[in-house]
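Structural features, examined
Here is what each chain is made of, one letter per residue.
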Amino acid sequence: MNRQISTYSLLQVSLDQTIDRKSMEEASTVVPSVARADCAYLQRDLFGIVVSNLPLAEARIFQAELKRRGLLTEVVADSELPVLDQPFTVQRVAFKEDALVFTDTVGRGQSRPWEDLVLVTGGFMTQSKLKTVLVMETGNPERPRALQHLARLEQQHRFQEVPEFRLDFFFQTTPTRLRASVSAESIMFFHERPVRLRDTALLLGAMMDLQERLPPEKVGFGLKQTDSKNTYPSLHGYEEEIRWHFYRMKSPV
C-alpha cells in the first residue's frame, strides 16, 4: 500500500513582512524543490504563505535561510491549512447598526448579524482571464498563393490581466462565504448606490466603513490600504492570504 508523503508550507509570522526578490533567490539555492525562476512569483504573491508542497527537511532549511535574510516564518503541514469554501455571490451590500444586508442578482435577500461575521477581506486586484481577441492575419501558407496577400481577422484566445475589486464576507453560519465584486463588466450596489470600478472614492469609502465598524483582526490586509493601486497582483495571492488568516485564527503565534 502506498503511503502518502506529507508536505509542508512556510507561513509568514506577519503580513507586514517583506523580502526582496534577490534575497528570495539567494535563499532558494539550498532548496532543490524551489527553482530560482519560481522566486519571481513567490515574492510577488507574498501574502501570508511563502511556499507550499515542500518536504519537511527542505522546509526547515528554507526557513533558516529566509530568517538569515530577515523573513521570519513558521513551518506548517499542508494538511493543516484550511480549504476555502466556494462563495455565494451577492450584488447588493448594506450595513445597518445590528446587521449586514445582502441581496443577490435575482433579488433574494439575507440579513446577517455583525456578531456572526468572522472575517472580511477584499481590495483591488488583478486576475488573469482567458479572453477572445481578433487578430489581423496575413501570409497564411495554408491559403492559395493568390490569396496569401489578403488580410483576414482571426479569433485567438489569450490571457489578459483584468482589474477587479471584491469583498468576501466570512461567517460562522451557512452560507459561510458571501462575495460582492466589481469589474469592467459588472457593478455592485453599496447602500443602494451603484458602484463601478472607476468609482474609486466610493470603493475606498466602503473599505473605510468596514475598518471603522470592525476590530483590526477581522479586516484583511487589502482593506487596510488607502490607495487604489492593485494591492493583489494575482488572485492566488489574495486567496492565500485568506487561508493564512484562518490558520492564524486556529493557531495564533
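Each remark here, short or long, concerns the structure printed above.
As the structure is a prediction and not an experimental result, all values here were calculated from the model.

Here we take up the overall build of the protein chain. The helix and strand tally for the protein chain stands at five helices and twelve strands. Across the 253 residues that make up the protein chain, the buried fraction comes to 43%. When contacts within the protein chain are restricted to residue pairs at least 6 apart in sequence, long-range pairs at least 24 apart make up 65% of them. For the protein chain, the exposed surface amounts to about 14300 Å²; the carbon and sulfur share of it is 51%.

All told, the structure shown has nine aromatic pairs when counted by the stated rule. Each ring, one from Phe 170 and one from Phe 246, has its centre 5.2 Å from the other, and the planes form 70 degrees; the classification is edge-to-face. Placement of Phe 170 in strand E9 (residues 152–171) and of Phe 246 in helix H5 (residues 235–250) is noted, with a sequence separation of 76 residues between them. On the accessibility criterion, Phe 246 (22% relative accessible area) is partly exposed.

Right, let's talk about the side chain of Asp 209 for a bit. Structurally, Asp 209 can be placed in helix H4 (residues 200–213). We classify Asp 209 as buried; its relative accessible area is 16%. Sequence-distant contacts of Asp 209, defined by excluding residues within four places in its chain, comprise Phe 95, Phe 190 and His 191.

This part covers the environment of Phe 88. Here Phe 88 lies in strand E4 (residues 88–89). As for Phe 88 and Thr 176, which are separated by 88 residues in sequence, their C-alpha atoms are 8.3 Å apart. Excluding its chain neighbours within four sequence positions, the residues that come into contact with Phe 88 are Asp 104, Gln 110, Pro 175, Arg 177, Leu 178 and Arg 179.

Moving on to the side chain of Gln 110. With respect to the helices, strands and loops of the structure, Gln 110 is situated in strand E7 (residues 109–113). Within the structure, Gln 110 has its side chain in polar contact with the side chain of Arg 112 (distance 3.1 Å). Those residues in contact with Gln 110 that sit more than four places away from it in its chain are Phe 88, Leu 100, Val 101, Phe 102, Pro 175 and Leu 178.

Turning our eyes to something else, we now look at the packing of helix H1 (residues 21–28) against helix H3 (residues 56–68). Running from amino to carboxyl end, H1 crosses H3 at an angle of 140 degrees, the nearest separation of the two axes being 9 Å. On the basis of their axis angle, the class for H1 and H3 is oblique. For H1 against H3, the interelement crossing comes out right-handed. Here Met 24, Ala 27 and Ser 28 of H1 come into contact with H3, specifically with Phe 62, Glu 65 and Leu 66. A per-class count over the contact of H1 with H3 returns four nonpolar, one polar and one charged.

On to the pairing of strand E5 (residues 92–95). Relative to strand E6 (residues 99–103), E5 runs antiparallel, the two being bridged by four bridges. By the bridge assignment, Arg 92 is partnered in E6 with Thr 103. Hairpin geometry of E5 and E6 is characterised by an intervening segment of three residues between the two adjacent antiparallel strands. Where E5 and strand E11 (residues 188–190) come together, two bridges link them in parallel fashion. Within the sheet, the bridge partner assigned to Arg 92 lies in E11 and is Phe 189.

The next thing to look at is the sheet that holds E7. In a beta sheet, neighbouring strands are held together by backbone hydrogen bonds and run either parallel or antiparallel to one another. As summarised here, the arrangement of the five strands in space is E7-E6-E5-E11-E12, forming an open sheet in which the pairing is mixed. Two strands close off the open sheet at either side, each with one partner strand: E7 and strand E12 (193–195). Put simply, the sheet's adjacent strands are angled 25 degrees from each other on average, direction ignored.

How each quantity is defined
- Residues numbered from 1 in each chain as written.
- Predicted model: local features only at pLDDT ≥ 70, side-chain atom pairs only at ≥ 80, totals over all residues.
- Heavy atoms only, no water.
- Helix = DSSP H or I, 4+ residues; strand = E, 2+ residues; numbered from the N terminus.
- Buried < 20%, exposed > 50% of the residue type's maximum accessible area, 1.4 Å probe, protein only.
- Contact = heavy atoms within 4.5 Å.
- Areas by Shrake-Rupley, 256 points an atom, 1.4 Å probe, with all protein chains shown as cover.
- Phe/Tyr/Trp six-rings, centres within 6.5 Å; stacked < 30°, edge-to-face > 60°.
- Polar contact = N/O pair within 3.5 Å; in protein donor to acceptor, adjacent residues only side chain to side chain.
- Axes fitted to C-alpha atoms, helices over the stretch in contact; angles between N-to-C directions.
- Parallel < 35°, antiparallel > 145°, perpendicular 65-115°, else oblique.
- Left-handed = near helix turned anticlockwise from the far one by under 90°.
- Nonpolar A, V, L, I, M, F, W, Y, C, P; charged D, E, K, R; others polar.
- Pairing = 2+ DSSP bridges.

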